[in-house]
Amino acid sequence: MSLWSDFLQNDQRLIHKWTHYFPIYEAHFGRFVNRPIVFIEIGCGEGGSLQLWKRYLGPFAQIVGIDIAPHAKAFEEDQIAVRIGDQRDTEFLRGVLDEFGAPDVLLDDGSHVMADVTASFEFLYPRIAPGGVYIVEDLHTAYWDEFGGGLRRDGSFIERCKSLIDHLNADHARGQIAPTEFTRTTLSMHFYDSVVVFERGRYIKKHAPQIGTKE
Ligand SMILES: C[S@@+](CC[C@H](N)C(=O)[O-])C[C@H]1O[C@@H](n2cnc3c(N)ncnc32)[C@H](O)[C@@H]1O
């Protein structure tokens, strides 16, 4: 069953997702189905999305929910663990990674406050497993004052992403910007309405050979 069909037929815990996110999830999470992965979602809500990921990813996935609200602990079940803490608290996040290992997928659906999104990203992104995915959703808040956002406002996560595009391309910037760990470990960045996806990998060599015969 597709993730979309599963969502539409859900009669377990409540899920709260924008509909246009489902093709994004399927595009970036499909390769993890039936793999023994660690999938962390920041923001458990009513617990339904944790169950959705479990059904979609299959029997080998470890789903970990992070939430600041203590009642989220009740969402634990086979394959689903929940840890209570603030997504801005890097010592708490370190403890979660020490316990479960490097996440293959990190989905940030937490507070959507710019300072929180940025703090989680700066700590967690370098710790994502090679080949893993980091996805931040509901980034319409990057344009909303009450979440610390605003068009071209310093501290907005969308502004951070814009500068990371330069780091992604730093190998070609003729010294104008030095390659960073982000350059070396990021394969791609994907921008959608309200969602940014980072795919990690490790480039060994970037070259552009010409192959074939010329008339
Ligand atoms: C939008 S809801 C999550 C919805 C859920 N993922 C779903 O798809 O149904 C946001 C959640 O983030 C949690 N949250 C808010 N601030 C947080 C913070 N600073 N750290 C961790 N979780 C936080 C809230 O308690 C709430 O459960």
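Numbering of residues starts from 1 in every chain and runs along the sequence as written. Local features in a predicted model are, by the rule used here, given only for residues with pLDDT of at least 70; side-chain atom pairs are given and counted only at 80 or more, and totals for whole chains, interfaces and linings are based on all residues. Think of the side-chain values as coming from all heavy atoms in the structure, minus any hydrogens and water.

**What to know about the environment of His167**
Then step 1. Along the chain, His167 falls in helix α6 (residues 157-168).
Then step 2. When the C-alpha positions of His167 and Thr90 are compared, they lie 24 Å apart, and in sequence the two are 77 residues distant.
Then step 3. Those residues within four positions of His167 in sequence are excluded, and the remaining contacts are Ile177, Thr180, Phe182 and Thr183.
Then step 4. Identification of polar contacts relies on pairs of N or O atoms within 3.5 Å, with a donor-acceptor requirement for protein atoms, meaning one able to donate a hydrogen and the other able to accept it, and with residues adjacent in sequence counted only if both atoms are side-chain atoms. Engagement of the side chain of His167 in a polar contact is seen with the side chain of Thr180, the distance being 3.4 Å. Helix and strand assignments follow DSSP, with helices taken as H or I runs no shorter than four residues and strands as E runs no shorter than two, numbered in order from the N terminus. Note on definitions: a residue-residue contact is assigned when non-hydrogen atoms from the two residues lie within 4.5 Å.

**Some details on the site of the ligand**
Then step 1. Proximity is defined per residue: if any heavy atom of the residue lies within 4 Å of a molecule or strand, that residue is considered near it. Among the 18 residues in the neighbourhood of the ligand, the closest are listed as His16, Gly43, Asp67, Gln87 and Asp109.
Then step 2. Lys17 is positioned with one of its side-chain polar atoms (N or O) 3.1 Å from an oxygen atom of the ligand.
Then step 3. Between the ligand and the protein, one listed contact pairs an oxygen atom with a side-chain N or O atom of Asp67 at 2.6 Å.
Then step 4. Accessible areas in this description were obtained via Shrake-Rupley with a 1.4 Å probe; residue shielding takes into account the shown protein chains only. The protein chains hide 82% of the 600 Å² of surface that the ligand would expose on its own.
Then step 5. Amino acids outside the nonpolar list (Ala, Val, Leu, Ile, Met, Phe, Trp, Tyr, Cys, Pro) and the charged list (Asp, Glu, Lys, Arg) are all regarded as polar, and Gly is one of them. Its residues assigned to classes, the shell around the ligand shows four nonpolar, eight polar and six charged.

**Description of the side chain of Thr141**
Then step 1. Here Thr141 shows up in the loop between β5 (133-136) and α6.
Then step 2. A simple rule labels every residue: compare its accessible area, found with a 1.4 Å probe on the protein chains alone, to the largest value its type can have, and call it buried under 20%, exposed over 50%, or partly exposed in between. Thr141 gets classed as buried once you look at its relative accessible area, which sits at 3%.
Then step 3. Excluding anything up to four places from it in sequence, Thr141 contacts His112, Met114, Phe147 and Gly149.

**Brief notes about the packing of aromatic side chains**
Then step 1. Stacked, edge-to-face and tilted are the three classes for Phe, Tyr and Trp ring pairs, Trp counted by its six-membered ring, which pair at centre distances within 6.5 Å; planes under 30 degrees apart are stacked, over 60 edge-to-face, the rest tilted. Under the counting rule described, the total for this entry stands at 21 aromatic pairs.
Then step 2. Consider the rings of Phe22 and Tyr25, whose centres lie 5.5 Å apart with planes at 85°: the pair is edge-to-face. Placement of both Phe22 and Tyr25 in helix α2 (residues 22-29) is noted, with a separation of three residues, approximately one turn of the helix. An identical accessibility class is assigned to Phe22 and Tyr25; each is buried.
Then step 3. Members of the aromatic cluster, each reached through a chain of ring pairs, are Trp4, Phe7, Tyr21, Phe22, Tyr25, Phe29, Phe39 and Trp53.
Then step 4. The residue whose ring lies beneath Arg127 is Phe123, and the NZ or CZ to ring-centre distance is 3.8 Å.
Then step 5. In this scheme, Lys NZ or Arg CZ marks a charge over a ring once it lies within 6 Å of the ring centre and within 35 degrees of the ring normal. The cationic tip of Arg200 hangs over the ring face of Tyr125; the distance from NZ or CZ to the ring centre is 5.0 Å.

**Some details on the sheet that holds strand β7 (residues 195-200)**
Then step 1. Between any two strands, pairing holds if DSSP finds at least two bridges. Strand order in the open sheet formed by seven strands is β3-β2-β1-β4-β5-β7-β6, with mixed pairing between adjacent strands. Two strands close off the open sheet at either side, each with one partner strand: β3 (80-84) and β6 (186-192). Sheet twist, expressed as the average angle between the axes of neighbouring strands with direction ignored, equals 15°.
Then step 2. One ladder, built from four bridges, connects strand β4 (residues 105-108) with β5; its direction is parallel. In the strand pairing of β5, Leu107 is matched with Ile135. Every angle, taken between N-to-C directions, lies between 0 and 180 degrees, and every axis is a line fitted to C-alpha atoms, over only the stretch in contact when it is a helix.

**Looking at the environment of Asp166**
Then step 1. Along the chain, the position of Asp166 falls in helix α6.
Then step 2. Considered as a pair, Asp166 and Ala178 are 12 residues apart in the sequence and their alpha carbons are 9.6 Å apart.

**Side note on the pattern of salt bridges**
Then step 1. The term salt bridge refers to a side-chain nitrogen of Lys or Arg lying within 4 Å of a carboxyl oxygen of Asp or Glu. In total, this model carries 16 salt bridges according to the counting rule given.
Then step 2. Between Lys17 and Glu41 there is a salt bridge; the shortest N-O distance is 2.9 Å. Here Glu41 lies in strand β1 (residues 38-42) and Lys17 lies in the loop between α1 (3-8) and α2, a separation of 24 residues in the sequence.
Then step 3. Close ionic contact of Arg94 with Glu91 constitutes a salt bridge, the shortest N to O distance being 3.4 Å. Of the two residues, Arg94 and Glu91 are both situated in helix α4 (residues 90-100); the distance of three residues between them amounts to about one turn of the helix.
Then step 4. Given a relative accessible area of 34%, Arg94 falls into the partly exposed group.
Then step 5. Given the relative accessible area of 51%, Glu91 is considered exposed.
Then step 6. Overlapping salt bridges, with partners in common, bring together Lys17, Glu41, Asp109 and Glu137 in one network.

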